[in-house]
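Commentary on secondary and tertiary structure
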Amino acid sequence: MSQDRQTPRVGIIGTGAIGGFYGLMLARAGLDVHFLLRSEFSAVSQNGLRVDSQVHGLLSLDNVQAYCSAADMPPCDWLLVGAKTTGNGGVGPAIIQAAAPGAKVLLLQNGLGVEDQLRALLPDSLHLLGGLCFICVHRTGPGQITHQAFGAVNIGYHSGPAGQGSARMEIVEQGAALFQAAGIESVAMDNLDKARWQKLVWNVPYNGLSVLLDASTTPLMADPDSRELIQGLMDEVVQGAQACGHALAPDYAQQLFKVTGHMPDYRPSMHHDFAEKRALELEAIYARPLAAALAAGCDMPKIRALYHALAFIDRNNR
């Protein structure tokens with residue numbers, strides 16, 4: 001951050017449900033937030049952003065600093081990437097155009113290895129971090145977002161000019177502090193790979209089954225057969241994580257299962273992608289974890305079957 005600016009300048013790359021929600025919350029907390037939009041640029045420029053939150057109430061940001069080109073954005077100290085992993089090829093150039101020298105890039109994306117994919121497209125001078133969003137949120141229209149529950153963001157350092165240990169954690173803690181200032185729970189993680197496997201314990205079963213069975217979380221949790229399938233998929237993710245050197249807490253999967261049973265009915269992001277005929281995030285959420293676990297000597301047959309079924313559905317849907 002330049003010395004003449006006391007407040008970090010934050011850029012949102014991909015102002016969908018995730019980018020829009022967190023960007024609005026940060027802006028309401030007084031941060032200087034700039035939003036990159038594509039198809040919704042005109043709507044958000046004219047009407048602002050709206051979040052209907054069951055946690056925070058009705059929230060609005062009227063004077064949105066919106067851009068349809070990253071080249072027009074001012075240099076940003078932090079860049080939050082809310083775009084889907086399927087679009088990461090086009091995200092790299094946007095980050096380079098919008099980044100201040102030594103900027104911190106935080107990927108708010110699902111899946112495994114998403115940072116590795118983007119790292120190759122970025123200069124070594126940029127810090128790359130991963131963010132795990134535990135939130136029920138979705139778009140309902142241009143600049144319109146519904147937030148049903150949760151909101152925490154866990155952050156870990158992936159790569160960049162920071163040295164090992166304390167230097168990296170200092171940057172991660174700076175990122176967590178931004179969200180905390182906006183009233184959002186955020187934890188600095190010292191092991192990003194482990195954190196991504198933890199998130200997969202939820203994402204693998206609920207995202208995929210929401211598409212395969214055309215069901216939201218409440219009916220999935222109400223039926224004995226789908227409950228058994230969910231638990232079997234969760235167990236395989238835990239086994240895959242352990243094979244890759246990341247031992248999760250013995251009751252971690254069961255705790256997520258229990259929490260999901262009590263949360264509001266929710267259609268995961270993959271279900272919305274399917275309904276709108278967008279590409280499903282199968283590479284990041286399924287293919288890479290399957291490959292990583294298999295390379296470590298652990299096959300995950302239930303997850304593999306789900307992946308192949310989703311691949312067929314995705315190809316025919318698009």
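In the block above lies the structure referred to throughout.
Only a predicted model underlies this, so the values are computations on that prediction, with no experimental measurement involved.

For the rest of this paragraph, the subject is the side chain of Glu115. Its place among the elements puts Glu115 in helix 4 (residues 114-119). Overall, Glu115 belongs to the buried group, its relative accessible area being 3%. Engagement of the side chain of Glu115 in a polar contact is seen with the side chain of Arg196, the distance being 2.7 Å. Other than its neighbours up to four places away in sequence, Glu115 contacts Leu107, Leu128, Leu129, Gly130, His158, Leu192 and Arg196.

Now for helix 6 (residues 192-212). Given a rise of 1.5 Å per residue, 21 residues ought to cover 30 Å, and the 29 Å separating the end C-alpha atoms of helix 6 matches this to within 8%. Largest kink in helix 6: about 35 degrees, centred on Leu200. Across the 21 residues that make up helix 6, a large majority, 18, are buried. Measuring from the backbone nitrogen of Asp193 back to the side-chain oxygen at the start of helix 6 gives 3.3 Å, which picks out Asn191 as the cap. Among the residues trailing helix 6, Asp214 stands out with phi positive, at a value near 50 degrees.

What follows is about the pattern of salt bridges. Oppositely charged side chains can form a pair if their charged atoms are brought close together. Taken as a whole and assessed by the stated rule, the structure comprises 12 salt bridges. Asp32 is the salt-bridge partner of Arg9, the closest N and O atoms lying 3.3 Å from each other. Of the two residues, Arg9 sits in strand 1 (residues 9-13) while Asp32 sits in strand 2 (residues 32-36), which places them 23 residues apart along the sequence. On the basis of relative accessibility, which here comes to 15%, the residue Arg9 falls in the buried class. On the basis of relative accessible area, Asp32 is assigned to the partly exposed category, the value being 22%. Note that Arg304 is salt-bridged to Asp299, the shortest N-O span being 3.2 Å. We classify Arg304 as partly exposed; its relative accessible area is 26%. What emerges from the salt-bridge pattern is a single network uniting Glu40, Lys84, Arg139, Asp273, Glu276, Arg278 and Glu281.

Definitions and cut-offs
Residues numbered from 1 in each chain as written. Predicted model: local features only at pLDDT ≥ 70, side-chain atom pairs only at ≥ 80, totals over all residues. Heavy atoms only, no water. Helix = DSSP H or I, 4+ residues; strand = E, 2+ residues; numbered from the N terminus. Buried < 20%, exposed > 50% of the residue type's maximum accessible area, 1.4 Å probe, protein only. Polar contact = N/O pair within 3.5 Å; in protein donor to acceptor, adjacent residues only side chain to side chain. Contact = heavy atoms within 4.5 Å. Expected span 1.5 Å × (residues − 1). Bend = angle between axes of the 7 residues up to and from the residue. Salt bridge = Lys/Arg side-chain N within 4 Å of Asp/Glu carboxyl O.

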